[in-house]
Amino acid sequence: MSANWNYLVHEMPDLLAPSMAKDHPNLPVIKAEGCYYYGLDGKQYLDFTSGIATANTGHRHPKVVQAIKDAADHLMHGPSGVIMYESILKLAKELSDILPGDLDCFFFANSGTEAIEGAIKLAKHVTKRPYVVSFIGCFHGRSLGALSVTTSKAKYRKFLQPNGLVYQVPYANAKGCPDGMDAEEYVVEKLVNDFETLFNHQVTPEEVACVIVEPVLGEGGYIVPPSGWLKKIREICNQHGILLIFDEVQTGFGRTGEWFAAQALDVTPDIMAIAKGIASGLPLSATVASKELMKQWPLGSHGTTFGGNPIACEAALATLKVLKEEKLVENAKKMGAYAAEKLKHIQEKYPVIGSVRSIGLMIGIEIVDPLTGKADGNGLINILDKCLEKGVLFYLCGNSGEVIRMIPPLTITKEQIDQGLAVLETAVAEHLNELKSELSVQYQNV
Ligand SMILES: Cc1ncc(COP(=O)(O)O)c(C=O)c1O
């Protein structure tokens, strides 16, 4: 790998599709290690993105790298089904030990989107019902099947008219909860009303194969619903023989302070989609269900060439080992609580921070216009650019790109959190000062 490819950076706009390459900040890097990226500019960047919740064990953990090298020396490709190999079987066994309930049978694929496709196909096959219910704001991927249930941004769906026979209901949102009413009670009541309306006016529950939900809203803006909300969904599904799918692509592998959000929020789905953190960055995912469900999916009704690749499976086994040996799930809970507490103090000082929402090391920091309280995506970019200049990388989410995603590797230390949040606070303060001095005299009184 060349150490100086500056000449190629300028060619990027012609070489890569903008839909692939124009995300924020598109930082040129030459190396990653632990909680750091090393830029082509020679600078070190503290990484609070984990490659979007993927490098949970830190970048290039030596035990994961070694497992990949060893695997490459033996077997690079199956494909599973034609060839049988130890790592895929061992991985299935080890995953069933950490997954909740009877989720113990696996269809391995390569990406989160594929795991979602598998989950929906399985649910329709098993129930022989045509319809799916998903939640407004959720992100499940952008292939046509996954897109039919994805509604985090309308632009993802533009001109595509995804038609997967899908109905949508609102995600948990406590905004508008009357004074004196418990927020959990409020969102549960709304959920029950929304499903009643759906089943009375649009589709009978007997026709619904599955309800699919992100147990914690990710790309849509980092919202942690109360456990009672997910329990009510479980209850509605049970009542009508509907299968419940959890999309744990982003929430899995310790991110929430438990192995999965299902355990953190105490609700077990019938089918789960897992990916991202599973193999520390190698492409691997799985649709998971009980043996009873999976056995009803006949041979050939789903398939893959690369899914469950032997190198990715060995990387996943090493990832699980590291997560356990280094107690990284516990660290996510501890460091997540520590960071959230610090962020609440920062929020009190700066009216550009609307709210801080978190579970484990999945932390959302909402940026608003301090005068109107409205989502401020431009303000967020200003803040993230300043953080990057000062050597800290954050990512974003939310319908208007107004929520800072703080998702560091689960190996993060207190000192690194202090360092990153000090930079964030400075950037927020600078942003607020700019609003006050440059944008409008109206801000002077904020
Ligand atoms: C919750 C969720 N589901 C599905 C996906 C799609 O996963 P992939 O990009 O691996 O296809 C993502 C990706 O960000 C995600 O966050």
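None of the values given here were measured: they were computed from a predicted structure.

### What about the overall build of the chain?
For the chain, the count of helices and strands is 16 helices and 15 strands. Considered along the principal axes of its C-alpha atoms, the chain spans approximately 65 × 60 × 45 Å. Expressed as a percentage of its 446 residues, the buried residues of the chain come to 53%. Summed over its atoms, the accessible surface of the chain is roughly 19900 Å², and 53% of this surface lies on carbon and sulfur atoms. Counting 41 positive and 51 negative side-chain charges, the chain places the averaged centre of each group 2 Å from the other.

### A look at the layout of surface pockets
The volume enclosed by the second largest pocket comes to roughly 780 Å³. Lining of the second largest pocket is provided by 26 residues; of these, Ser80, Gly81, Phe106, Phe107 and Phe108 occupy positions nearest its centre. Looking at which element gives the most residues to the lining of the second largest pocket, the answer is helix α6 (residues 86-98), with five residues. Looking at the lining of the second largest pocket residue by residue, the classes come out as 14 nonpolar, nine polar and three charged.

### What to know about the pairing of strand β3 (residues 44-47)
Direction of pairing for strand β2 (residues 36-39) relative to β3: antiparallel, over a ladder of three bridges. Paired with Tyr38 across the bridge in β3 is Gln44. Where β2 hands over to β3, the hairpin turn is made up of four residues, of which Gly42 adopts a positive phi near 85°. Across two bridges, the pairing between β3 and strand β13 (residues 392-393) is parallel. Within the sheet, the bridge partner assigned to Leu46 lies in β13 and is Val392.

Rules used in this analysis
- Residues numbered from 1 in each chain as written.
- Predicted model: local features only at pLDDT ≥ 70, side-chain atom pairs only at ≥ 80, totals over all residues.
- Heavy atoms only, no water.
- Helix = DSSP H or I, 4+ residues; strand = E, 2+ residues; numbered from the N terminus.
- Buried < 20%, exposed > 50% of the residue type's maximum accessible area, 1.4 Å probe, protein only.
- Areas by Shrake-Rupley, 256 points an atom, 1.4 Å probe, with all protein chains shown as cover.
- Lys, Arg positive; Asp, Glu negative; His and termini not counted.
- Charge placed at Lys NZ, Arg CZ, Asp CG, Glu CD.
- 1 Å grid on protein atoms, 1.4 Å probe; cavity = no way out; pocket = protein on both sides within 12 Å on 5 of 7 lines; lining within 4 Å.
- Points joined across faces, edges and corners; volume = space filled by probe spheres on them.
- Nonpolar A, V, L, I, M, F, W, Y, C, P; charged D, E, K, R; others polar.
- Pairing = 2+ DSSP bridges.

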